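What follows is each chain in one-letter form.
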Amino acid sequence: MSAKTKGGDRVAATNGSECGCAVRDASTRSRNAVAVDPEVKSRNLKRLRRIEGQVRGLQKMVVEDRYCADILTQISSVQEALRGVGRELMRNHLKHCATGAIRTGGQQADRMYDELVDLMYTHDR
C-alpha cells in the first residue's frame with residue numbers, strides 16, 4: 001500500500017512495531033501522520049512555543065539562583081503544559097489514525113492495538 005503526495009513518494013509503514021496508520025516519506029525515511037487537523041496543529045505549536053518560553057524562564061531562574069520552591073513550581077507548570085499537548089496529540093491520534101487502522105482490521109488493527117497499549121503505559125508516566 002503506498003500513497004503519492006505533494007511532498008514526494010510516500011510508502012505505508014510495514015514494520016510490525018510501527019503505527020498502523022503511519023506513512024513513511026521515501027526520501028527521508030521518516031514517519032508522517034496520515035491526518036492532522038490544521039487547528040490542532042496550530043494550537044499545539046502555540047502551546048509548544050509558550051512552553052519553550054517557560055523553559056527559557058526556568059533557565060534564567062536557575063542562573064539567578066532563585067528560590068528552589070519557586071523553580072519547582074514553574075517546572076510543574078511546564079510539565080502540565082506538556083501533558084496538555086500530549087493529550088491533544090493522543091486525541092488526534094485516536095480520532096484519525098487509530099480509528100482508521102482499527103476499522104481496516106487484520107494486522108493493521110493488531111499493530112494499532114499494540115501501539116495504543118504501549119502509548120498508554122508510556123504516556124501515563
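Residues numbered from 1 in each chain as written. Predicted model: local features only at pLDDT ≥ 70, side-chain atom pairs only at ≥ 80, totals over all residues. Heavy atoms only, no water.

A. Inspection of helix α1 (residues 38-63) at higher detail. With 26 residues, α1 ought to run about 38 Å at 1.5 Å a step, and its terminal C-alpha atoms sit 38 Å apart, in line with that. Residues of α1 that are buried in the fold lie against α2 (68-104). Where α1 starts, the residue carrying a side-chain oxygen 2.9 Å from the main-chain nitrogen of E39 turns out to be D37. (Helix = DSSP H or I, 4+ residues; strand = E, 2+ residues; numbered from the N terminus. Expected span 1.5 Å × (residues − 1). Contact = heavy atoms within 4.5 Å. Polar contact = N/O pair within 3.5 Å; in protein donor to acceptor, adjacent residues only side chain to side chain.)

B. Broad picture of the environment of E80. Mapped onto the elements, E80 comes out in helix α2. Judged by its relative accessible area of 36%, E80 falls in the partly exposed class. As for E80 and I51, which are separated by 29 residues in sequence, their C-alpha atoms are 9.9 Å apart. Here R83 takes part through its side chain, which lies 3.0 Å from a polar atom of the side chain of E80. (Buried < 20%, exposed > 50% of the residue type's maximum accessible area, 1.4 Å probe, protein only.)

C. Just the confidence of the model for the protein chain, in detail. Summing up the model confidence of the protein chain, the mean pLDDT is 81 and the portion of residues at 70 or higher is 76%. Predicted confidence in the protein chain is weakest over strand β1 (residues 2-5), with a mean pLDDT of 38, and strongest over α1, with 96. Of the regions scoring below 50 in pLDDT, residues 1-20 engages in 42 contacts with residues more than four places distant in sequence or in other chains. (pLDDT = per-residue confidence, 0-100.)

D. Highlighting the nonpolar core. Core analysis: the biggest nonpolar cluster contains 6 residues, these being I51, L58, M61, I71, V78 and V85. Among all residues touching I71, those that are not within four sequence positions of it are L58, M61, V62 and R66. (Core = buried A, V, L, I, M, F, W, Y, C linked by side-chain atoms within 4.5 Å.)

E. Expanded view of the pattern of salt bridges. The final tally for this structure, using the stated rule, is 5 salt bridges. A salt bridge links K60 to E64; the shortest N-O distance between them is 4.0 Å. With relative accessibility at 51%, the residue K60 sits in the exposed group. Residue class for E64 comes out partly exposed when judged on its relative accessible area of 43%. For E80, the salt bridge is made with R87, and the minimal N-O distance between the two is 3.1 Å. (Salt bridge = Lys/Arg side-chain N within 4 Å of Asp/Glu carboxyl O.)

F. Region of interest: helix α3 (residues 106-123). Compared with an ideal rise of 1.5 Å per residue, which puts 18 residues at 26 Å, α3 spans 26 Å between its outermost C-alpha atoms and is within 8% of the ideal. Of the residues making up α3, those classed as buried are Q108, A109, R111, M112, E115 and L116. Down the axis of α3, the sector holding all buried residues measures 155°, keeping them to one side. Across from the buried face of α3, at angles greater than 90 degrees, the exposed residues are G106, Q107 and Y121. Against β4 (30-32) and α2 lie the buried residues of α3. (Arc of directions from axis to C-beta.)

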